[in-house]
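# Report on the structure
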Amino acid sequence: MYSTELLIQTLISGIMIGVLYALMALGITFIYSIVRMINWAMGEFYMLGSYIQYVVVAYALGRNYWWLAIIVSTAGTFLIGYLLEPILIKPMHARAMERRDDYATVVTIALLLMLRSLAVAIGGPYQYRPETNLPIMWVGPLPMEGARVMASVFALVALALFWLVISKTWIGLALRAAAQNRVAAQTSGVDVFRLDAIAFAIGVALAGLAGALLAPLFLVYPTNGAVTTVKGFEIIVIGGLGSIPGALIGGVLLGVVESLGAAFISSPYQNAYGFALVLLILLVRPYGLFGERGREA
Amino acid sequence: MTNGLTKRYGGLTANDAVAMALAAGEIRGLIGPNGAGKTTFVNVITGIERPDSGHITLDGAAVTGFAPHLIAARGLVRSFQVARVFGNLTVRENLMVPYFASERTRGTAEGVARIGELLRLSTLAALADELAKSLSGGQRMLLQACAGFMIPGVKVHVLDEPFAGINPVVKDTLIELILKENREGATFLIVSHEMDIIRRICPRVTVMIAGKVAAEGPLEEIARREDVVTAYLGRSLQ
């Protein structure tokens, strides 16, 4: 009764949603490794990305240019992150502060509440759906919504771009150096405060991209980032905080486990399979698949 | 260069009105018993910590309380007692970071040539594409010093215990590098317990005891002063 075809279909759809989860997790991990903080407002940047996508498609570019709107949404969240970081996050490092983690937690949760309230104030508690011109596509033997296929393709392109920037450019070299040792990077003449702003902006832009890509599927409303953020943090536990491969592999793993569970066990419990995986990892490797033991917060 | 520099940690005054002036082009030794406040002094003048009072000037310009990257940009850089290299970058990338951090020199051909020269002089050339975390302690010290030499426009290098725990061959390589950079105009402040090396390369030394400057002058002269010897050994050598 369980055909190979169903298994392959399930694996494919699991990987496809997994790369989108990985975007969120990568954003969280990347900001953590450079700026040394957890950004609890990641879901709200996802939400910002989805709203920008809707507004740009509905009022400016139209459904045929949905792909251009994706780029606008990503760039928009990047810019918002780049402008907010010096105001909200920089004081954490620039001033001699005793409880940096507490500061970051309070500030980003305040930001979360503010952005949600802003979304309700402007757009109301309604759901919107940005249109696309994408037809049903065939992935192997499997018919899928075009938006879902293209979301995965865009996510893969974004991950490749991210890798290129990190491994091949000067700014990537500086980011890798700062992630390993902030003080040494600073004494080498690297302006780590500027890197913080760039890293924060890249991290939230990844969330904004995920929001824009998933908007046609999961819709646009003030709290739409919550579920994906939870997935992001599940992946962090699975892959290990601060690990980029952990975020990517953890994301795909989570997507596949959820799809397999939904297809072969029972679909209403889809989210529970992810939590079961998290519990399993916590039992076997509490620091995550790629995490380092005893890492400082 | 510094005047009345004071740093307190709670009730402990680690640096008490320290005054020191380095002449351009000299190699100054900074010695003193453990806990004398040498590393605190280095942290304060390089911007890692802010002084509670006092002034720091570099080439006549005030740099008191500046962030480390700004002090580095004005020409004063340091090495750390426990070498801070970027373990997951290659040796070559470690040397690229400081050079490319400066917008003036980013992407110029001189940088590549300079990296090659330092790799050769430091005997690290064969390891250029290895990750820095695979290096030995001494090799890390060399790499850290070379990374400091890569920063464009540096006038003063502050080296905190560069010779601690490294083998004699690496020590000699490091000394050669220091002397070469010095001939090309760089000023050095070297914190060290290795009196042999200090005697060889530092014409003048400053002695810190209990957070204060206790003596300054040629090492031979200072070694005859009873208060200095007492501080080191607990009693005089009679």
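Residues numbered from 1 in each chain as written. Chains lettered and ligands numbered in written order. Predicted model: local features only at pLDDT ≥ 70, side-chain atom pairs only at ≥ 80, totals over all residues. Heavy atoms only, no water.

### Section: the pattern of salt bridges
All names here are of chain B. Under the definition given, this model contains 21 salt bridges over all chains. Between arginine 78 and aspartate 160 there is a salt bridge, with the nearest N and O atoms lying 3.6 Å from each other. Here aspartate 160 lies in strand 7 (residues 156–160) and arginine 78 lies in strand 6 (residues 76–79), a separation of 82 residues in the sequence. Per residue, the accessibility class of arginine 78 equals that of aspartate 160, and both read buried. Between arginine 199 and aspartate 196 there is a salt bridge, with its nearest N and O atoms 3.8 Å apart. Linking arginine 199 with aspartate 196, this pair stays in helix 7 (residues 195–201), spanning three residues, or about one helical turn. Under the relative-accessibility criterion, arginine 199 is labelled partly exposed at 44%. (Salt bridge = Lys/Arg side-chain N within 4 Å of Asp/Glu carboxyl O. Helix = DSSP H or I, 4+ residues; strand = E, 2+ residues; numbered from the N terminus. Buried < 20%, exposed > 50% of the residue type's maximum accessible area, 1.4 Å probe, protein only.)

### Topic: the nonpolar core
One finds Leu23 and Val190 of chain A to be the most contacted residues of the largest nonpolar core, which totals 123 residues. When residues in this core are grouped by element, the largest group, 16 residues, is from helix 9 (residues 192–218) of chain A. Setting aside chain neighbours within four positions, we find valine 190 of chain A in contact with Trp170, Ala174, Ala185 and Leu195 of chain A together with His69, Val97 and Ala101 of chain B. Of all hydrophobic cores here, the second largest spans 19 residues; its members include Val18, Ile45, Ile56 and Leu76 of chain B. (Core = buried A, V, L, I, M, F, W, Y, C linked by side-chain atoms within 4.5 Å. Contact = heavy atoms within 4.5 Å.)

### Some points on helix 1 (residues 4–35) of chain A
Taking 1.5 Å as the rise per residue, helix 1 of chain A with 32 residues should run 46 Å; its terminal C-alpha atoms sit 45 Å apart, in good agreement. Following helix 1 of chain A by one or two positions, arginine 36 of chain A has its phi on the positive side, about 60°. (Expected span 1.5 Å × (residues − 1).)

### Considerations on the interface of chain B and chain A
With 21 residues of chain B in contact, the opposing surface of chain A contributes 17 residues. Summing both sides of the interface, chain B and chain A together bury roughly 1,700 Å²; the carbon and sulfur share of this comes to 67%. One can count one salt bridge joining chain B with chain A. Here arginine 176 of chain A ties to glutamate 93 of chain B by a salt bridge, and the two come within 3.2 Å at their closest N and O atoms. Looking at the side of chain B that touches chain A, the elements that each hand over two or more residues are helix 2 (68–73), strand 6 and helix 3 (91–101) of chain B. The element that contributes the greatest number of residues to the side of chain B that touches chain A is helix 3 of chain B, accounting for six residues. In the side of chain B that touches chain A, the residues fall into 13 nonpolar, three polar and five charged. (Buried area = accessible area lost by both parts, 1.4 Å probe. Nonpolar A, V, L, I, M, F, W, Y, C, P; charged D, E, K, R; others polar.)

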